[in-house]
Amino acid sequence: MNKKISIRGIFGLLLGVILFGCNQTNKKKFYRLESDDTGIFFNNINAENEQINIFTYEYLYNGGGVAIGDINNDGLTDIYFSSNNLENKLYLNKGNFKFEDITSLSGAGCQKGWKTGVSMVDINADGWLDIYVCRSADGDPNNRKNSLLINNGDLTFTDRASDYGLDDNSYSTQAAFFDYDRDGDLDAFLLNHSLLQISNSFNIKVINRLDRYPYVGNRLLRNDGGRFVDVSDTSGIYGPASNYGLGVGVSDFNNDGWPDLYISNDYVDSDKLLINDQKGKFIMATDSMLSQISQFSMGLDIGDVNRDGNMDIMTLDMLPEDNKRQKLLFGPEHYYVYSSMQKKRLFKSVHAQYAPLKQWKFYI
């Protein structure tokens, strides 16, 4: 009798575990929240015109950016959206997934220019999160100056980028703030990109390899008592014409306790894995530490995927996977190059060799 009860009990327990597991599997992990419920009505609409369009700016549809943080120290996470050519939006979290648009009240709209990436960071260490907004695309350098919105502690912000030396007017994609020299304050890395036209007959990466091309090269800005000083070239952060920076990640790749950099680069130049030498410089380690890299790198992320204590890198590659799609997106050749390849019977896509590549890779 006891044995029968035990068997039935075990069977019932197993059945309950299975049913519970099925219920858990079918249970939704994420729920879509509508704008009417949350109060968030942001939409990044790109309005093309004669000055800015897909022909004058090929990264037109790369999007803007979003930053999340508690701007008023009430324990609730607020949201800041970057709009390319309209007004940025700041939403205050009121609790229970309800948000209030305080853009006009806060003065954080940053209407001018073409906005790209955005970061929340307490740049002056006063306990209040500030907002840094990058700009690009616009042909007028004055309209490309990045903004540093200092938090006044009363839900208002004041742009003081010029006071801090952070009003850079390069073609900026994003900014990363980290203490690269470990002196106790935050320094800034500005990820910038080129606008030069690319073709398969023009090998851009041999041009200005160590020279700084105007408005194009990445920058490292050291925080010297609240004023940011450009130390790029002396720190191994060069600015060649072949710089098409679209992603940046900060992490300690060699486990020495110092922050390193990974930069994803579009087009012909390679990604850059830069190791902090602890003496104020970054050393290129792409070839020595990576077995392979993406061909046309877009975004990236860093994390310990296999939990072995070492940081892994994931990059996104925009190269089409099949040969047909590669041919459809193949750029124009110069006539003399086309003619030369015809004569030599070598007319083929230079991208065909990359056809086996997938659209993304893990580096572990």
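Now for a look at the structure at hand. For clarity, every value in this text was computed on a predicted model and none was experimentally measured.

## Regarding the sheet that holds strand E11 (residues 219-224)
Spatially, four strands are ordered E9-E10-E11-E12 in an open sheet, and the strand pairing comes out antiparallel. Each having just a single partner strand, strand E9 (172-178) and strand E12 (227-230) make up the two edges of the open sheet. Across this sheet, the average inter-strand angle for adjacent strands is 25°, counted without regard to direction. Sheet analysis places E11 next to E12, joined by four bridges and oriented antiparallel. When the bridges of E12 are listed, aspartate 224 appears paired with arginine 227.

## Observations regarding the environment of arginine 227
Topologically, arginine 227 is positioned in strand E12. On the basis of relative accessible area, arginine 227 is assigned to the partly exposed category, the value being 41%. As a C-alpha pair, arginine 227 and aspartate 187 span 40 residues in sequence and 9.8 Å in three-dimensional space. Those residues in contact with arginine 227 that sit more than four places away from it in its chain are Ser162, Asp163, Tyr164, Gly165 and Arg222. Among the polar contacts made by the side chain of arginine 227, one reaches the main-chain carbonyl oxygen of aspartate 163 at a distance of 2.8 Å.

## Details of the sheet that holds strand E5 (residues 114-121)
Working definition: the strands of a sheet are paired by backbone hydrogen bonds and lie parallel or antiparallel to each other. Read across the sheet, four strands follow the order E5-E6-E7-E8 without closing on themselves; strand pairing throughout is antiparallel. Strands at the two margins of the open sheet, each flanked by one partner only, are E5 and strand E8 (157-159). With direction set aside, neighbouring strand axes in the sheet form an average angle of 25°. As paired strands, strand E6 (residues 130-136) and strand E7 (residues 147-151) are joined by three bridges and run antiparallel to one another. In the sheet register, valine 133 faces E7, and the bridge partner there is serine 147.

## Some thoughts on the environment of leucine 196
Its location among the elements puts leucine 196 in the loop between strand E10 (187-192) and E11. For leucine 196, a relative accessible area of 27% gives the class partly exposed. With 139 residues separating them along the chain, leucine 196 and tyrosine 57 place their C-alpha atoms 10.0 Å apart.

## Description of the packing of aromatic side chains
Overall, the coordinates contain 10 aromatic pairs when judged by the stated rule. Their ring planes at 85° and their centres at 5.4 Å tell us that tyrosine 132 and phenylalanine 177 sit as a pair that is edge-to-face. Placement of the pair is tyrosine 132 in strand E6 and phenylalanine 177 in strand E9, with a sequence separation of 45 residues. Each member of the pair, tyrosine 132 as well as phenylalanine 177, is classed as buried. Counting every residue linked through ring pairs, the aromatic cluster contains Phe42, Phe81 and Tyr91. Residue placement shows arginine 144 over the ring face of tyrosine 171; its charged tip is 4.0 Å from the ring centre. Looking at arginine 144, its charged tip hangs above the ring of tyrosine 215, at a distance of 4.6 Å from the centre.

About the thresholds
Residues numbered from 1 in each chain as written. Predicted model: local features only at pLDDT ≥ 70, side-chain atom pairs only at ≥ 80, totals over all residues. Heavy atoms only, no water. Pairing = 2+ DSSP bridges. Helix = DSSP H or I, 4+ residues; strand = E, 2+ residues; numbered from the N terminus. Axes fitted to C-alpha atoms, helices over the stretch in contact; angles between N-to-C directions. Buried < 20%, exposed > 50% of the residue type's maximum accessible area, 1.4 Å probe, protein only. Contact = heavy atoms within 4.5 Å. Polar contact = N/O pair within 3.5 Å; in protein donor to acceptor, adjacent residues only side chain to side chain. Phe/Tyr/Trp six-rings, centres within 6.5 Å; stacked < 30°, edge-to-face > 60°. Lys NZ or Arg CZ within 6 Å of the ring centre and 35° of its normal.

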